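# Examining the three-dimensional arrangement
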Amino acid sequence: MAEKHDKELLSRIESLLTVYRRFVEDGEGTPQEESLVYGLRGLVNVANMILRNKIMFTMEPWHAIGPKPSLSRAGEMLLRLKDYQNEPMPPYPFIMAFYSNGFVPQLDTILVLAALRRVEMDDRFRQVSINISAKSLRDADFVKVVLGRLEEMELLYHPEHKIIFEIHESSVELAMSRKVLELFRSVGVGFAIDDVGMSMDDVMRLSEFEGIADYIKIDRHCVLGMPEDPNNLVNVMSFIRTMLPETVVIAEGVQSAEHAQTIMRDHPDIDYVQGLYLPTSRRSFQTDFYNAGLGYKQGIA
């Protein structure tokens, strides 16, 4: 099975390389040349990592702070590219080189297939969110290929597994197909809305996923904002509970166990926290979180 999907992945990478290489050649001498070349290098490195069976994703955990977490091992899959010398290659400019030039669903298809391959190969990735653009959910090829792959995985027969598509903010103007969303839900996929604040775009995004979204991730700028900011956490939580009252909420950008304790006390309906500076070990976080709580109770934190 893995070999079959490696061939599917590599075939799609080869096809995109062929098209994108011509695009890069046409961009020689333009201000975009450096960005385009970076994208080409990144796609070559994706192929190399797949061929060499290198780990291309890490997980940033969703740490539970609510009393009854629905998922015990959830986390966001993060792309971690390395070049042929094993040097890290920042993924954001690689992704944006394709997104900014009309290759959104082609790249998303490759990255989602690669992520699902990692889920199958690594037992640590049982409950994961995978970032995609809303545009890809409007692309027939992406839907056909990814839906077919998910059907083969038979998630409904493995309740300990959970795949969540984390819809980022790249394409808020596109209306979602309710039929397509339901098709993915029918094979066990959940949906998370990423980087939610209080803009009009956020209102549109949340309304598109009414009755579909299972999870809401609050933008780190809101989580870290000052109380006097209109986009503060109190206002964002009120907005979310008005729009989608039943969703599970994750606060992004949380800085420490003490910060997580503050969030739990002030916003008990936030279920998980996530942050670059939090431990990757769930046990370590829970220990720090418990100790931070003791400090608050004793008046020393």
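Parameters at a glance
- Along each chain, numbering runs from 1 in the same order as the chain's sequence is written.
- Whole-chain, interface and lining totals are the exception, using all residues; otherwise, since this is a predicted model, local features are given only for residues with pLDDT of at least 70 and side-chain atom pairs are given and counted only at 80 or more.
- In computing side-chain values, all of the structure's heavy atoms are included and hydrogens and water are not.
- Here the axes come from fitting lines to C-alpha atoms, over the contacting stretch only for helices, and the angles between their N-to-C directions go from 0 to 180 degrees.
- Numbered from the N terminus, helices here are DSSP runs of H or I no shorter than four residues, and strands are runs of E no shorter than two.
- Roughly parallel means an angle under 35 degrees; roughly antiparallel means over 145; roughly perpendicular covers 65 to 115; every other angle is labelled oblique.
- The criterion used for residue contact is that any of the two residues' heavy atoms lie within 4.5 Å.
- In this classification, the charged set is Asp, Glu, Lys and Arg, the nonpolar set is Ala, Val, Leu, Ile, Met, Phe, Trp, Tyr, Cys and Pro, and all remaining amino acids, among them Gly, are polar.
- Each residue is assigned to one of three classes by its accessible area relative to the maximum for its type, calculated with a 1.4 Å probe on protein chains only: buried under 20%, partly exposed between the two thresholds, exposed over 50%.
- Here a strand pair is declared whenever DSSP counts at least two bridges between the two strands.
- Confidence scores per residue from the predictor, reported as pLDDT, run from 0 to 100.

The next thing to look at is the packing of helix α4 (residues 104–121) against helix α5 (residues 140–153). At a minimum axis distance of 10 Å, the contact between α4 and α5 shows a crossing angle of 10°. Put simply, α4 runs roughly parallel to α5. Listed contacts from α5 to P105, D108, T109, V112, L113, L116, V119 and E120 of α4 are F142, V145, V146, R149, L150 and M153. Grouping the constituent residues of the contact of α4 with α5 by class yields 10 nonpolar, one polar and three charged.

This paragraph deals with the pairing of strand β3 (residues 74–79). In terms of residue burial, β3 counts as a mostly covered element, since six of its six residues are buried. Where strand β1 (residues 57–61) and β3 come together, five bridges link them in antiparallel fashion. Across the sheet, residue E60 finds its bridge partner in β3, namely E76. Both β3 and strand β6 (residues 127–132) contribute to a ladder of three bridges, which runs parallel. Residue pairing across strands places E76 opposite S129, the latter belonging to β6.

Before going further, it helps to spend a moment on the sheet that holds strand β9 (residues 215–218). Across the sheet, which stays open at both edges, the nine strands sit in the order β1-β3-β6-β7-β8-β9-β10-β11-β2 with mixed pairing between neighbours. Looking at the sheet topology across the chains shown, the edges are occupied by β1 and β2 (63–64). Taken strand by strand, α4 contacts β1, β3, β6 and β7 (162–167), and its axis lies near 170° from that of β6. Along the sheet, helix α6 (residues 178–186) makes contact with β7 and β8 (189–196), crossing β8 at roughly 120°.

Across the chain, the average pLDDT comes to 91, with 94% of residues at or above 70. The element-level mean pLDDT for the chain is lowest in helix α7 (residues 200–208), coming to 83, with strand β11 (residues 272–273) highest at 98.

Attention shifts here to unusual backbone geometry. Although it is not a glycine, N86 sits at a positive phi angle of roughly 70°. Mapped onto the elements, N86 comes out in the loop between β4 (81–82) and β5 (88–89). With a relative accessible area of 47%, N86 lands in the partly exposed category. The backbone of E154 sits at a positive phi, close to 50°, despite the residue not being glycine. In this fold, E154 is placed in the loop between α5 and β7. A residue is classified by how much of its surface remains accessible, and E154, at 43% relative accessible area, is partly exposed.

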